[in-house]
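Examining the three-dimensional arrangement
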Amino acid sequence: MPAITVDDILVLPRVSEPDVTQTERKVTSVTTAPSGYEGEGIPVRRAFAGVDLARLDPFIHMDQMGEVNYAPGEPKGTPWHPHRGFETVTYIIDGTFIHQDSHGGGGVITDGDTQWMTAGSGLLHIETPPEKLVQSGGWFHGIQLWVNLPAAKKWSPPRYQDIRSGQVGLASSQDGGALVRVIAGGIEGVEGPGVTHTPITLAHLSITPGARVELPWRKDFNALVYVLNGRGTVGAENRPVHSAQAAVFGPGDSVVIAADQQQDSRHPTMDVIVLGGEPIREPVVHYGPFVMNTEDEIRQALLDFRSGKMGVEPTDPIPHIQPGDTPPAE
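Here is a short report on the structure shown in this document. (Residues numbered from 1 in each chain as written. Predicted model: local features only at pLDDT ≥ 70, side-chain atom pairs only at ≥ 80, totals over all residues. Heavy atoms only, no water.)

1. Re the overall build of the chain
Formally: Every helix listed is a DSSP run of H or I at least four residues long, and every strand listed is a run of E at least two residues long, numbered separately from the N terminus. Throughout, radius of gyration means the C-alpha value; the globule benchmark is 2.2 Å times the number of residues raised to the power 0.38. Type-normalised accessible area, obtained with a 1.4 Å probe on protein chains alone, sets the label of each residue: buried when under 20%, exposed when over 50%, and partly exposed for intermediate values.
Regarding its fold elements, the chain presents 3 helices and 26 strands. Since a compact globule built from 330 residues should have a radius of gyration of about 20 Å, the 19 Å found for the chain is in line with a globular shape. Taking the principal axes of its C-alpha atoms as reference, the chain extends roughly 60 × 45 × 35 Å. The buried share of the chain, reckoned over its 330 residues, is 56%.

2. Examining the pattern of salt bridges
Where we set the bar: Each salt bridge in this description consists of a side-chain nitrogen of Lys or Arg and a carboxyl oxygen of Asp or Glu lying within 4 Å of one another.
Summed over the entire model, instances satisfying the criterion amount to 13 salt bridges. Two residues, Arg46 and Glu38, come together in a salt bridge whose shortest N-O distance is 3.0 Å. When its relative accessible area of 22% is taken as the criterion, Arg46 is described as partly exposed. Of the charged contacts, one joins Arg266 and Glu67 as a salt bridge, the two residues approaching to 2.1 Å between their closest N and O atoms. Of the two residues, Arg266 is situated in the loop between β23 (254-259) and β24 (270-277) and Glu67 in strand β4 (residues 59-70); the sequence distance between them amounts to 199 residues. Overall, the relative accessible area of 28% leaves Glu67 in the partly exposed class. In this structure, a network of salt bridges that share partners links the residues Glu24, Arg212 and Glu214.

Here's what the structure looks like:
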């Protein structure tokens, strides 16, 4: 898995042993993500399908993109499309994606990089594979998460964050058996680089067979775990989970995840996305690429898009930097 790793995990800060007074969160539901396609044909798993929106708050949606080994000519992207009222977080674990928006944001993300786009008041956006990947084919795997914005921030100016893999916060589990990559928020003082309008924590864990990790978790945050690959257990009651399943947790002080002793040969570790945030607790009206508070605001978003008020397609495309090339300077 090309997402960032370290040669010696034991040199990293360790998540401390939980206090005896802390309560491990129990699992309230486990759902299996159905398969689908996005954009021009990107194979995805709808990670949170079947999960009550109130349990997801402040998150709206998440797709696991791939994992797929494209043949030459197969890599897919999306056409130009609008967004308003939320943030998209695209984390590429394996492969390369090119992004561009109508407000000047964009770049190339690959192998552990994250593109954090605040749509806010509205913009147009496109995601494409580089020409070299289209010609050669290859592995592609990642997630795209939608984070809601509260009503007071839905009209924020669009913002783009280009987060390189080397910027993520890194930690080890208590037993040294899990690598914790913090993309946003913080876990035990290890901070992620993502700057968020809505308080959240987002992390990618790789857990070796037989290892167990207990993450301290803010009481005021909800908590979810999505299994990218592998199998194991989650929660105080050791609920079994496997690839493409999402676990929602109830209240408590910590989130527990353990990897089974036996994993499949292609994935030597159990990989999970762990996320949670402070619920916004506002009405949500979600229509395609727009996430607002009222139906009138959705109608206005459609009118603004059709009249060009969300921007126009740029005439100068983002340069198609190839895998292995030096990324643009920060």
